[in-house]
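Below, each chain spelled out in residue letters.
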There are 2 protein chains.
Amino acid sequence: MTDTKNLTIVSKNKIADGWVKKFNHSSDVLDCQMTFSIFLPPQAENQKVPVLYWLSGLTCTDDNFMQKAGAQRVASELGLAIVAPDTSPRGEGVADDPNGIYDLGLGAGFYVNATEAPWSEHYKMYDYVTKELPGLIQKNFSINNEKASISGHSMGGHGALICSLKNPGLYRSVSAFSPIVAPSQCPWGEKAFSHYLGKDKSSWKQYDSCELIKQATEQLPILIDQGDADDFLNEQLKPERLEQACKETNYPLTLRMQKGYDHSYYFISTFIEDHLRYHSKWLS
Amino acid sequence: MTDTKNLTIVSKNKIADGWVKKFNHSSDVLDCQMTFSIFLPPQAENQKVPVLYWLSGLTCTDDNFMQKAGAQRVASELGLAIVAPDTSPRGEGVADDPNGIYDLGLGAGFYVNATEAPWSEHYKMYDYVTKELPGLIQKNFSINNEKASISGHSMGGHGALICSLKNPGLYRSVSAFSPIVAPSQCPWGEKAFSHYLGKDKSSWKQYDSCELIKQATEQLPILIDQGDADDFLNEQLKPERLEQACKETNYPLTLRMQKGYDHSYYFISTFIEDHLRYHSKWLS
């Protein structure tokens, strides 16, 4: 464990009149060095701005969203900061899939707190994205964490949904692209959860949106975009399960099936403007 | 040499109501397999649309622009197709920098026709982008090559300028981001041209924008954006040389120095909308 909270800047690039900045820092929660990127709109030079936390999907780092989503033009107009953390702990000594497969270990933290060895040593992404990272952001940037929203893609869409459902009041709004809505009932989630949380499936419910919906004490509306040409739609993503859970509990869900779109950032870049404007409305 | 012109589709992704499609084909001119990407706006389903050829910079492939420039939203609105070729011949038997350095050989074709061994066997990027590729595009897509413009970045900005200057009437408009305007007088250009074209610098003039400006028979206005925080500005790019050449010949140049911006796609993504609207005006 280290006790420094200092940020080390890795790079900064001007874009859309604001800045994308990348930082390294020592994470207490994850017990390793971590990297995140932040977009600061020009308004942040004079005032505290609202913030959208973006959680990325399997195999991604903090870079994918910043480089490929095309979000900064609209975020700059709206005066919205965007924080993109990495998708898992990293570095020497951090456990990985024994066969190097992309859906477990590095790049695949699934935004849970692992309880099983060897994962429990570093894989505490839930605490990282809901507690440690927002604290760092609040302390180091011109950002008002009281005005925070959350979104994400695929594994990160799952992350955004569970972080919101488990923390009433923490976020003003939530949305997702192609989220894994029922990780307890799809191959990606079953593999990850059995490693991180153990074989007892009752412990999985605390990180499964379709389960959490049933216990929700606050009904923050959910906006989801899902491409109908997504290769992972039927086996992994299964939005109809969330639709059913929301119907049973009268939970407000807007699920938009987008004709012809797939799982890629080409899809995200097409609809990110809608999501940013949606969040901005809730944040103002 | 092969004689097939057939295209093989590698991937297609829906974006902004249009499609990014990637193709392989056998290039006669380059004598190797080549890859290019094309963005087809929705208007191309019903009519022939104008086209922007985009030439990328050192180390890039056809992917960088399509994934990072965020151009498709506006191109879709304008009904503009965009074609992005690779930056050099590729494959087994294609010569590369003997030390594997990024600024010669693979990913660094410099849009010239090489005359020196071993480069002359495959490195004919000038003929490829001005002749073979447009022919393929015209034949295979709903595109009107009579309405074509050209742009590019860095080495590709150089490419766009020389292709336009050397072919009056071929393009309706030309623009560039951070172009190498005087390759005969900067380290990148001197290294590449001495390998591809030989030690006799008189042969370099035919591919040097600052030289070509002097002989221009048609004065197509040039639009250039250049970041003033670009790490390559003073040693490699030297826009003041083009500014001087244009002044001497009364050639119409709009050179916009953009404060705080660097050489990255974050810069391109900020100003690509301006360039697309500029080209669209000339194309309609």
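Below is a short write-up of the structure. (Residues numbered from 1 in each chain as written. Chains lettered and ligands numbered in written order. Predicted model: local features only at pLDDT ≥ 70, side-chain atom pairs only at ≥ 80, totals over all residues. Heavy atoms only, no water.)

### What to know about the interface of chain A and chain B
Our working rule: Whether two residues are in contact is decided by their heavy atoms: any pair within 4.5 Å suffices. When two parts are brought into contact, each loses some accessible area as probed by a 1.4 Å sphere; the total of that loss over both is the buried area. Each salt bridge in this description consists of a side-chain nitrogen of Lys or Arg and a carboxyl oxygen of Asp or Glu lying within 4 Å of one another. Going along the chain from the N terminus, every DSSP run of H or I of four or more residues is numbered as a helix, and every run of E of two or more is numbered as a strand. Ten residue types, Ala, Val, Leu, Ile, Met, Phe, Trp, Tyr, Cys and Pro, are classed as nonpolar, four, Asp, Glu, Lys and Arg, as charged, and the remainder, Gly among them, as polar.
Taken together, the 23 residues of chain A in the interface contact 23 residues of chain B. In this assembly, chain A packs against chain B so that about 1,800 Å² is buried in total across both faces, 49% of it on carbon and sulfur atoms. Looking only at chain A, the three residues that lose the most surface to chain B are A:Lys14, A:Gln67 and A:Tyr266, adding up to 38% of its buried area. At the junction of chain A and chain B, the tally comes to zero salt bridges. Within the residue set of the side of chain A that touches chain B, elements represented by two or more residues are strand 1 (7-15), strand 2 (18-27), helix 1 (63-68), helix 2 (72-78) and helix 9 (265-283) of chain A. With five residues, helix 9 of chain A is the single largest residue contributor to the side of chain A that touches chain B. By residue class, the composition of the side of chain A that touches chain B is eight nonpolar, seven polar and eight charged.

### A few points about the relation of the copies chain A and chain B
What relates the two chain copies is a rotation about an axis together with a slide along it. Spelled out, the test is: To superpose the copies, least squares is applied to the C-alpha atoms of every residue with a pLDDT of at least 70 in both.
When chain A is fitted to chain B, the residual RMSD is 0.0 Å, and the transformation amounts to a turn of 180° plus an axial shift of 0.0 Å. Within this description, the copies of the chain are treated as partners about a two-fold rotation axis. Both copies present the same face, since 100% of the interface residues in chain A are matched by interface residues at the equivalent positions in chain B.

### Topic: the pattern of salt bridges
Convention followed: Residue burial is assigned from relative accessible area. The probe radius is 1.4 Å, only protein chains are included, and a residue is buried under 20% of its type maximum, exposed over 50%, and partly exposed in between.
Per the counting criterion, the structure on display carries 24 salt bridges over all chains. One salt bridge connects B:Lys22 with B:Asp62, and the closest N-O pair in it is separated by 2.8 Å. Placement of the pair is B:Lys22 in strand 2 (residues 18-27) and B:Asp62 in the loop between strand 4 (49-55) and helix 1 (63-68), with a sequence separation of 40 residues. Among the residues examined, B:Asp62 registers a relative accessible area of 3% and is labelled buried. For B:Glu211, the salt bridge goes to B:Lys214, with nearest N and O atoms at 3.7 Å. Of this pair, B:Glu211 and B:Lys214 both sit in helix 6 (residues 209-215), three residues apart, roughly one helical turn. Among the charged side chains, a salt-bridge network with shared partners connects A:Arg73, A:Glu77, A:Glu273 and A:Arg277.

### A look at the side chain of A:Gln72
Looking at the secondary structure, you find A:Gln72 in helix 2. Apart from residues no more than four positions distant in its own chain, A:Gln72 is found in contact with A:Ile15, A:Ala16, A:Val20, A:Phe39, A:Met66 and B:Tyr266.

### As for the environment of B:Thr59
All names here are of chain B. With respect to the helices and strands, Thr59 occurs in the loop between strand 4 and helix 1. Overall, Thr59 belongs to the exposed group, its relative accessible area being 52%. Beyond its immediate chain neighbours, meaning those up to four positions away, Thr59 contacts Tyr102 and Gly107.

### Re empty space enclosed by the protein
Residues and elements named next belong to chain A. Note the following rule: Think of a 1 Å grid over the protein atoms and nothing else: a 1.4 Å probe that fits but is trapped marks a cavity, an open set flanked by protein within 12 Å on at least five of seven lines marks a pocket, and residues with an atom within 4 Å of a point count as lining. Grid points are joined across faces, edges and corners, and a volume is the space filled by probe spheres set on the points.
Counted under the stated rule, the structure contains one cavity of 30 Å³ or more. The computed volume of the largest cavity comes to approximately 40 Å³. In this structure, the largest cavity is lined by Ser164, Leu165, Pro168, Ala216, Thr217, Glu218, Leu220 and Tyr251. Across the lining of the largest cavity, the residue classes break down as five nonpolar, two polar and one charged.

### Regarding the environment of B:Asp62
Residue and element names in this part refer to chain B. Worth spelling out the cut-off: Side-chain atoms alone can form a polar contact between residues adjacent in sequence; in general such a contact is a pair of N or O atoms within 3.5 Å, and within protein one must be able to donate a hydrogen while the other accepts it.
Each C-alpha atom of the pair Asp62 and Phe36 lies 5.5 Å from the other, and the pair is 26 residues apart in sequence. When sequence neighbours within four positions are dropped, the list of residues in contact with Asp62 reads Lys22, Thr35, Phe36, Ser37, Ala84, Pro85 and Asp86. Among the polar contacts made by the side chain of Asp62, one reaches the side chain of Lys22 at a distance of 2.8 Å.

### Here we look at the packing of aromatic side chains
How we decide: The criterion for an aromatic pair is that two Phe, Tyr or Trp rings (for Trp, the six-membered ring) have centres within 6.5 Å, with stacked assigned to planes under 30 degrees apart, edge-to-face to planes over 60 apart and tilted to the rest. Sitting over a ring, as applied to charges here, requires NZ of Lys or CZ of Arg to be within 6 Å of the ring centre and within 35 degrees of the ring normal.
Tallied over the entire structure, the rule returns 36 aromatic pairs over all chains. Measuring from ring centre to ring centre gives 5.4 Å for A:Trp119 and A:Tyr123, while their planes differ by 80°; the resulting arrangement is edge-to-face. The same class applies to A:Trp119 and to A:Tyr123, which are both buried. Ring geometry for B:Trp119 against B:Tyr196: centres 5.4 Å apart, planes inclined by 80°, an arrangement best described as edge-to-face. Linking B:Trp119 in the loop between strand 5 (81-85) and helix 3 (125-140) with B:Tyr196 in helix 5 (residues 187-196), this pair joins segments that are 77 residues apart in sequence. Neither B:Trp119 nor B:Tyr196 differs from the other in exposure class; each is buried. One aromatic cluster is present, built from ring pairs that chain together A:Trp54, A:Phe65, A:Phe177, A:Tyr261, A:Phe267 and A:Phe271. We note A:Lys12 situated over the ring of A:Trp19; from NZ or CZ to the ring centre the distance is 5.0 Å. For A:Lys166, the ring lying beneath its charged end belongs to A:Tyr126, and the centroid distance is 5.3 Å.

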